[in-house]
Amino acid sequence: MRILSALTLFITFSSIHAQLNTLAVARGKRYFGTATDNTELNDGPYVAQLGNTVDFHQLTPANSMKWDATEPSRGVFTFSGGDAIVAQAKKNGQLVREIFNDDGTFRQSVFFNTMGTSFISVALRAARASDPAAKLYINDFNIEGMGAKSTAMVNLVKSLKAQGVPVDGIGVQSHLIVGQVPSTFQANLAQFAALGVEVAITELDIRMTLPATAALLAQQQKDYQTVVAACRAVSGCVGITLWDWTDKVGDLPSYLSLDMFLKGCSPPVFLGPGCV
């Protein structure tokens, strides 16, 4: 399957002022943010928009803080990539990520295979001791709707809190497909927040298969509105991070664009259907 974004509106980055963060804060959220990566920091127009805090007031390093980047070979550590992004914006980030299979069982990893589930509490406690002010999140994908995996997350957080293990939030990655936003998305955010932790949408993108059609683009816009409306409706949902903000860059390669937010009204994701 050919998975690409199909948005073709050409824009001048320096002229974009969708006020995404301003609108999010005005609606009681903590931030609206975006991911970024090191290669992108060499693009002047991109960096200019990245630094536009009217739109983005939180940054996530897309890849430069992962294990393969920070320890490229055993016992050899480098944090230069992460330092470059931290220099762009100071932030507190997730600690434990992607620990469950879709059926709710624990993923096989060097940590799980060596320590069992205790690696989670060890990591969280060590992080709290290192930086008492850091927000400690468990971040995972395919927990957008209710199901076995989201239930496993609920049970894990309940267990950690019962043991006195510090956990401040759940990150819901939200790598979604056009027309397939789970019908239980908002209810699922609410059940996470009911655990007494923050909830954040941490890696939002909504992809489509080319060629684009007017119907697909309209559905994509509607899906972004649905996701943002769900976060708005759940008081414990503190913010949303796009998995990068432009079609120029991204992991798959890129699923979304700020262009989508600027078509028709400014910006449709926050104002909802009809953009009124």
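Structural data are supplied above this passage.
This text gives an overview of the structure that appears in the document.

Scoring rules and cut-offs
- Residues numbered from 1 in each chain as written.
- Predicted model: local features only at pLDDT ≥ 70, side-chain atom pairs only at ≥ 80, totals over all residues.
- Heavy atoms only, no water.
- Patch = residues over 30% accessible without salt bridge, like charges linked within 9 Å, V, L, I, M, F, W, Y side chains within 5 Å.
- Areas by Shrake-Rupley, 256 points an atom, 1.4 Å probe, with all protein chains shown as cover.
- Salt bridge = Lys/Arg side-chain N within 4 Å of Asp/Glu carboxyl O.
- Buried < 20%, exposed > 50% of the residue type's maximum accessible area, 1.4 Å probe, protein only.
- Axes fitted to C-alpha atoms, helices over the stretch in contact; angles between N-to-C directions.
- Helix = DSSP H or I, 4+ residues; strand = E, 2+ residues; numbered from the N terminus.
- Left-handed = near helix turned anticlockwise from the far one by under 90°.
- Contact = heavy atoms within 4.5 Å.
- Nonpolar A, V, L, I, M, F, W, Y, C, P; charged D, E, K, R; others polar.

Points about a nonpolar patch on the surface
For step 1, the next point in the chain: On the surface, W67, V110 and F111 cluster together into a nonpolar patch covering about 330 Å² of accessible area.
For step 2, the next point in the chain: Overall, V110 belongs to the exposed group, its relative accessible area being 56%.

Section: the packing of helix α8 (residues 185-193) against helix α9 (residues 214-233)
For step 1, the next point in the chain: Packing of α8 against α9 leaves a shortest axis separation of 9 Å and a crossing angle of 35 degrees. As for how α8 packs across α9, the hand of that crossing is right-handed. Contact residues: α8 offers F185, Q186 and L189, while α9 offers V227, A229, A230, C231 and A233.
For step 2, the next point in the chain: Considered class by class, the residues forming the contact of α8 with α9 number seven nonpolar, one polar and no charged.

Observations regarding the pattern of salt bridges
For step 1, the next point in the chain: Tallying each qualifying case throughout the model produces six salt bridges.
For step 2, the next point in the chain: In this structure, E198 engages R30 in a salt bridge whose closest nitrogen and oxygen atoms are separated by 2.8 Å. Of this pair, E198 sits in strand β8 (residues 198-209) while R30 sits in the loop between α1 (20-26) and β2 (31-36), placing them 168 residues apart in sequence.
For step 3, the next point in the chain: E198 sits in the buried class, given a relative accessible area of 12%.
For step 4, the next point in the chain: Taking the relative accessible area as the measure of exposure, R30 reaches 47% and is therefore partly exposed.
For step 5, the next point in the chain: Here E198 makes a salt bridge to K135, at a shortest N to O gap of 2.9 Å.

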